[in-house]
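What follows is the residue order along each chain.
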Amino acid sequence: MKILVTGGAGFIGSHTVVELIQSGHEITIADNFSNSNKEVLSRIKLITGQETSCYCADLRKEEVVNRIFRIERPEAVIHFAGLKAVGESVADPLSYYDHNIGSTINLLKSMRIYDTRIMVFSSSATVYGDQQHMPVTENASLSVTNPYGRTKLILEKMLEDAGKAYPEMSISILRYFNPIGAHHSGLIGEEPQGTPNNLAPFLMQAAAGVKKELKVFGSDYDTPDGTGIRDYIHVTDLALGHIAALNKGMDHTGVGTYNLGTGEGTSVLQLITAFEEVTGKHVPFVVTDRREGDVAVSYADTNKARKELGWRAKRNIKTMCEDMWRWQLQFPKGYKNIKTLEAEKR
Ligand code: NAD
Ligand code: WQD
């Protein structure tokens, strides 16, 4: 199938592009590289042996999006592009509405014009807010506490409205839990710009000595060891979830919303311990106050994705730690040390 992958140069997008190519799909990426690096395209080629077509494009521009559709005529869109930093969204909300909502409206308009029927959309478990009951199911009440989360909630509603108005469409809304890890080859992975906000990249930088110590945000939660519990999912499993949604979209119409997680919770201290056991590296850490806005526990009920998409996550925490550490060791500067890779190829 011919698929347009927006944000395909980013963390989750690049891993999904690899799996899509390896499943025989024809891929075009559209990304403005505001949070990614063009070197990822060479790495995708190293893994898959194939060149990927890519537009350096800002999806907020309607005419640019239309041009891509006119040339490429995609049968499906997997829509990752957007901004994702919670703190930044509080400081600069308009950028978040502009990028996340503006781009999605443009894509939907072009999909209508060019008869592209299938969309797979990146939502987030952040739409669940603070839940009483875990694991959380897709029909739980929704609430958000920051502009980033609000863009996801608004987009979910917008996609539901579009699905009702245009019954030929197939829209999958995928609510990701906490994606971590890296491709098994260690050639692609997550490359946070500046100081990482998320646990896994910060933990790796602390283990590598790039950061002095990891701050553990709170040890007084109502959890067995007092630290926050999350549902960490290997980015390759997440990527495969998109292929499952795409396959469903081929012979179904309507809107489907799915949790993509493992269904298992891991605390901050458990993740540190697992990482230390797997890598033999010490992770220096200090316990600090809770981070504002954090919930104590979040993990997915994965039954719906299992039953309706025939998908489940297979990689455990050990594999997630091994793979992200391989990426860190091979490319400590992420995509910035292009010369190293060139030297390796010679
Ligand atoms: P990422 O920042 O690595 O990838 C997003 C990509 O979109 C980047 O390559 C960026 O350059 C591109 N982009 C941003 N604005 C654009 C625009 N206007 N036009 C074209 N390209 C643009 O992020 P990611 O972690 O791969 O996340 C992908 C999607 O998944 C996002 O929508 C994010 O909100 C969602 N999500 C991520 C997580 C997570 O923890 N990583 C969790 C839940 C949901
Ligand atoms: C995980 C756990 C922290 C950093 C965020 C977004 C969410 C989604 C995924 C996009 C928590 C603790 C963290 C650190 C720590 N993104 N922690 N020290 O908060 O579950 O979700 O990313 O949609 O919208 O809110 O992920 O990785 O930031 O935190 O102790 O330096 O690690 O308190 O318990 P979170 P996270």
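Whatever comes next refers back to the structure up there.
These numbers were taken from a predicted model, which means no experiment stands behind them. Sequence order sets the numbering: in each chain, residues are counted from 1 along the sequence as written. Whichever chain is written first is A, and whichever ligand is written first is 1; the rest continue in order. This being a predicted model, a pLDDT of at least 70 is required before a residue's local features are given, and a value of 80 or more before pairs of side-chain atoms are given or counted; all residues contribute to the totals for chains, interfaces and linings. Derived side-chain values reflect all non-hydrogen atoms in the structure, with water molecules and hydrogen atoms excluded from consideration.

Asks: In this structure, what is going on with the site of ligand 2? I would like to understand it.
Replies: Taken together, 18 residues are adjacent to ligand 2, and Tyr-148, Lys-215, Arg-230, Arg-291 and Asp-294 come closest. In the environment of ligand 2, an oxygen atom lies 3.0 Å from a nitrogen or oxygen atom belonging to the side chain of Asn-178. Burial of ligand 2 by the protein chains amounts to 87% of its free accessible area of 690 Å². Examining the composition of the shell around ligand 2, we find that four residues originate from one element, strand S8 (residues 214–217), more than from any other. Nearness here has a simple test: a residue counts as near a molecule or strand if at least one of its heavy atoms is within 4 Å of that partner. The definition of a polar contact used here is a pair of N or O atoms within 3.5 Å, where within protein one atom must be able to donate a hydrogen and the other to accept one, and adjacent residues in sequence count solely through side-chain atom pairs. Method for areas: the Shrake-Rupley scheme with a 1.4 Å probe, in which residue coverage is limited to the protein chains shown. A run of H or I in DSSP counts as a helix once it spans at least four residues, and a run of E counts as a strand once it spans at least two, with each numbered from the N terminus.

Asks: Sorry, what's going on with the site of ligand 1 here?
Replies: With respect to spatial proximity, 27 residues lie near ligand 1, and among them Asp-31, Asn-35, Ser-36, Lys-84 and Tyr-148 are the closest. One nitrogen or oxygen atom from the side chain of Asp-58 is found 3.1 Å from a nitrogen atom belonging to ligand 1. Here an oxygen atom of ligand 1 and a side-chain polar atom of Lys-152 are 2.9 Å apart. For ligand 1, the protein covers 96% of the area, taking 820 Å² as the surface of the free molecule. Looking at the shell around ligand 1, the elements with two or more residues in it are helix H1 (11–22), helix H5 (93–113), strand S5 (118–124) and helix H6 (147–165). Broken down by element, the residue count for the shell around ligand 1 peaks at three residues, all from S5. Across the shell around ligand 1, the residue classes break down as eleven nonpolar, twelve polar and four charged. Under the scheme applied here, ten amino acids are nonpolar (Ala, Val, Leu, Ile, Met, Phe, Trp, Tyr, Cys and Pro), four are charged (Asp, Glu, Lys and Arg), and all others, including Gly, are polar.

Asks: Is there a simple way to explain the sheet that holds strand S2 (residues 26–31) in this structure?
Replies: Strand pairs in the sheet, formed through backbone hydrogen bonds, run parallel or antiparallel to each other. One bridge is not enough; two strands pair if DSSP finds at least two bridges between them. Read from one edge to the other, the open sheet built from seven strands follows the order S3-S2-S1-S4-S5-S6-S11, with strand pairing classed as parallel. Bordering the open sheet on either side are strand S3 (53–56) and strand S11 (254–260), each of which pairs with just one other strand. Neighbour-to-neighbour, the strand axes of this sheet turn through a mean angle of 20°, independent of strand direction. Bridging between strand S6 (residues 170–176) and S11 involves seven bridges; their strand directions are parallel. Counted as the bridge partner of Ile-173 is Thr-257 from S11. Here a residue-residue contact requires only that any non-hydrogen atoms of the pair lie within 4.5 Å. What counts as an axis is a line fitted to C-alpha atoms, over the stretch in contact for a helix, and the angles between N-to-C directions run from 0 to 180 degrees. With respect to the sheet, H5 is in contact with strand S1 (2–6), strand S4 (76–79) and S5, its orientation differing from that of S4 by roughly 175°.

Asks: Help me understand the nonpolar core in this model?
Replies: For soluble globular proteins, nonpolar side chains are generally found buried alongside one another. The nonpolar core is taken to be a set of buried Ala, Val, Leu, Ile, Met, Phe, Trp, Tyr and Cys residues, with the residues joined through side-chain atoms within 4.5 Å. Note on exposure labels: buried denotes an accessible area under 20% of the residue type's maximum, exposed denotes more than 50%, and partly exposed covers the range between, all computed with a 1.4 Å probe on protein chains only. Within the largest apolar cluster, 63 residues are counted, with the highest numbers of intra-cluster contacts made by Leu-214 and Phe-275. Counting residues per element, this core draws most heavily on helix H7 (residues 199–207), at seven residues. Of all hydrophobic cores here, the second largest spans 24 residues; its members include Phe-69, Ile-101, Leu-107 and Tyr-114.

Asks: Would you mind going over the pairing of S4 with me for this structure?
Replies: Regular strands place side chains that alternate from one sheet face to the opposite one. Neither face of S4 is left uncovered, since the one carrying Ala-76 and Ile-78 and the one carrying Val-77 and His-79 both have all their residues buried. Two strands pair when backbone bridges link them, and S1 and S4 are joined in this way by four bridges, in the parallel orientation. Looking at S4, one finds that Leu-4 is bridged to Val-77. Taken together, the four bridges between S4 and S5 define a ladder with parallel strand orientation. Opposite Ala-76, over in S5, you have Ile-118 as the bridge partner.

Asks: Looking at this model, I keep getting lost on the pattern of salt bridges. Mind explaining?
Replies: Should their charged atoms come close, side chains of opposite charge can pair. Within this document, salt bridges are pairs made up of a side-chain nitrogen of Lys or Arg and a carboxyl oxygen of Asp or Glu, the two lying within 4 Å of each other. Inspection of every chain in the model, using the stated rule, returns 19 salt bridges. Close ionic contact of Lys-109 with Glu-62 constitutes a salt bridge, the shortest N to O distance being 3.4 Å. Of this pair, Lys-109 sits in helix H5 while Glu-62 sits in helix H3 (residues 62–72), and the two are 47 residues apart along the sequence. Classification of Glu-62 by relative accessible area gives partly exposed; the value is 34%. Each of the salt bridges in this network shares a partner with another, and the network as a whole consists of Lys-2, Glu-26 and Glu-72.

Asks: Help me understand the packing of H1 against helix H2 (residues 39–48) in this model?
Replies: Each pair of packed helices gets described by two things: the angle between the helix axes and the distance between those axes. Direction vectors running N to C along H1 and H2 enclose 35°, while the axes themselves pass 10 Å from each other. Considering only the axes of H1 and H2, their crossing is right-handed. Of the residues in H2, those touching H1 at Ser-14, Val-17, Val-18, Ile-21 and Gln-22 are Val-40, Ile-44, Ile-47 and Thr-48. Broken down by class, the residue content of the contact of H1 with H2 amounts to six nonpolar, three polar and no charged. Crossing handedness is read from the near helix: turned anticlockwise from the far helix by less than a right angle, it gives a left-handed crossing, and turned clockwise, a right-handed one.

Asks: Looking at this structure, how should I read the packing of aromatic side chains?
Replies: Geometrically, a pair of aromatic rings is defined through the distance of the ring centres and the angle of the planes. Aromatic pairs are defined between Phe, Tyr and Trp rings, using the six-membered ring for Trp, whenever the two ring centres lie within 6.5 Å; interplanar angles under 30 degrees are classed as stacked, those over 60 as edge-to-face, and all others as tilted. Inspection of the entire model under this criterion finds six aromatic pairs. The structure contains a cluster of three or more aromatic residues connected by ring pairs, namely Trp-327, Phe-331 and Tyr-335. By the criterion adopted, a ring carries a charge over it if an Arg CZ or a Lys NZ lies within 6 Å of its centre and within 35 degrees of its normal. The lysine or arginine in question, Lys-38, covers the ring of Phe-33, its NZ or CZ lying 5.3 Å from the ring centre. Above the ring of Tyr-166, the side-chain terminus of Arg-112 is found at 3.7 Å from the ring centroid.

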